[in-house]
Amino acid sequence: MSSHLPLVLSVTSGKGGVGKTNMSVNLAYNLSMAGKNVVLLDADLGLANVDVILGLAPEKNLFHLFHEDTTLRDILFDTPYGFKILPASSGVSDMVDLDKGQKLDLLDAMDSLEDNVDYLIVDTGAGINDNVLYFNLAVQERLLVITPEPTSLTDAYALIKVLKLQHGVERFRVLVNMVKDQKTAKDVYIKLLHACDHFLDGISLDLVGFIPFDPNVRNSVIAQTPFCHKFPKTPASVAVRQTAQKITTWDVTPNTDGNIKFFWKKLLFQERSVA
């Protein structure tokens with residue numbers, strides 16, 4: 001057993017367009033600025049865009065791990081912002097659903113990262129497809145990103161419902177994005193909370209914080225730079241920095257195999273249990 005236990009965290013959503021990947025990138029940036037060793041895994045395997053948001057062009061990605069003689073160390077890419085990414089591919093259909101052999105390969109490869117990572121952030125796809133459920137089943141913490149849009153709430157509820165009723169997942173952290181103020185964020189959170197309380201038993205929803213609507217976020221996306229780096233004092237950057245600080249206080253649950261290896265083993269176990 002490794003004495004070093006990283007925290008494995010997913011950033012997920014029921015709907016696309018809520019800023020999930022942008023949150024993943026900027027949380028990774030802030031955690032790395034706090035002196036943590038951070039790896040961001042782009043788990044939207046067929047429609048990857050972490051590298052695009054960062055303006056990077058890695059030569060290799062997870063496709064090469066499965067289809068060429070490439071190691072995870074060859075794929076792990078240092079960003080200019082202090083954290084590393086494990087990029088995926090975009091527009092490659094056979095990456096949309098990994099088979100069991102590919103998952104075993106990934107398990108073996110991820111084991112090499114255990115002692116060198118404080119946080120593994122898993123940027124999932126949106127929705128309730130197999131890959132989104134698959135990655136959310138194994139992480140220790142799930143950060144659910146929502147916005148005030150009604151479709152964001154209904155799709156977030158759908159994701160919670162499937163994970164709860166089909167897989168017994170009950171604990172979620174909530175981050176409300178693109179709101180005008182704290183009151184609006186609380187109102188949005190309460191709507192989701194009431195729906196879960198009314199229709200689902202045992203769900204725990206913890207409001208982590210809110211990110212105000214901020215035009216500098218869009219400007220940074222266009223510039224392909226993390227907004228917390230380009231505009232460190234803008235309201236959205238301050239809010240994300242506060243969220244990152246909260247994440248550093250979350251408990252790391254000890255696992256006998258170490259957290260990253262446990263993460264992948266649990267994925268394989270979940271696959272067998274739902275097959």
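Residues numbered from 1 in each chain as written. Predicted model: local features only at pLDDT ≥ 70, side-chain atom pairs only at ≥ 80, totals over all residues. Heavy atoms only, no water.

Asks: What am I meant to see in the overall build of the protein here?
Replies: Broken down by element type, the protein carries twelve helices and eight strands. Buried residues in the protein amount to 54% of all 275 residues. Taking the contacts inside the protein whose residues are at least 6 apart along the sequence as the reference set, 80% of them involve residues at least 24 apart. (Helix = DSSP H or I, 4+ residues; strand = E, 2+ residues; numbered from the N terminus. Buried < 20%, exposed > 50% of the residue type's maximum accessible area, 1.4 Å probe, protein only. Contact = heavy atoms within 4.5 Å.)

Asks: Quick question: what am I supposed to make of the packing of helix α1 (residues 20–33) against helix α11 (residues 235–247) here?
Replies: Between two packed helices, both the angle of their axes relative to each other and the distance between the axes serve to describe the pair. Where α1 contacts α11, the axes come no closer than 9 Å and their chain directions differ by 65 degrees. By the criterion of interaxial angle, the relationship of α1 to α11 is roughly perpendicular. Read as a crossing pair, α1 and α11 show a hand that is right-handed. On α11, the residues that touch Met23, Asn26, Leu27, Asn30 and Leu31 of α1 are Val240, Arg241, Thr243, Ala244 and Ile247. Split into classes, the residues belonging to the contact of α1 with α11 amount to six nonpolar, three polar and one charged. (Axes fitted to C-alpha atoms, helices over the stretch in contact; angles between N-to-C directions. Parallel < 35°, antiparallel > 145°, perpendicular 65-115°, else oblique. Left-handed = near helix turned anticlockwise from the far one by under 90°. Nonpolar A, V, L, I, M, F, W, Y, C, P; charged D, E, K, R; others polar.)

Asks: Teacher, can you tell me more about the pairing of strand β7 (residues 171–179) here?
Replies: Look at any regular strand and the pattern is simple: side chains alternate between the two faces of the sheet. Along β7, seven of the nine residues are buried, which leaves the element largely enclosed by surrounding structure. Pairing between strand β6 (residues 141–146) and β7: four bridges, direction parallel. Looking at the pairing, Ile146 lines up with Val176 of β7. The β-α-β motif built from β6, the intervening helix α7 (residues 150–167) and the parallel element β7 has right-handed crossover chirality. As paired strands, β7 and strand β8 (residues 204–212) are joined by eight bridges and run parallel to one another. Paired with Val174 across the bridge in β8 is Leu207. (Pairing = 2+ DSSP bridges. Right-handed = clockwise from strand over helix to strand, strands pointing away.)

Asks: For this particular structure, what's the right way to read the nonpolar core?
Replies: The nonpolar side chains of a soluble globular protein tend to be buried with one another. Of all hydrophobic cores here, the largest spans 35 residues; its most connected members are Met23, Leu27, Leu54, Phe83, Ile121 and Ile247. Looking at which element gives the most residues to this core, the answer is α1, with six residues. Ignoring any residue separated from it by four or fewer positions in sequence, one finds Ile121 in contact with Leu9, Val11, Ser24, Leu27, Ala28, Leu31, Val38, Val39, Leu40 and Leu41. Grouped together as the second largest cluster of nonpolar side chains are 25 residues, Leu159, Leu163, Val174 and Val179 included. (Core = buried A, V, L, I, M, F, W, Y, C linked by side-chain atoms within 4.5 Å.)

Asks: Mind showing me how you'd approach the side chain of Asn177 here?
Replies: With respect to the helices and strands, Asn177 occurs in strand β7. Here the side chain of Asn177 touches Val18 through a polar contact of 2.8 Å, landing on its backbone oxygen. Those residues in contact with Asn177 that sit more than four places away from it in its chain are Val18, Gly19, Met23, Val145, Ile146, Thr147, Pro148 and Ile211. (Polar contact = N/O pair within 3.5 Å; in protein donor to acceptor, adjacent residues only side chain to side chain.)

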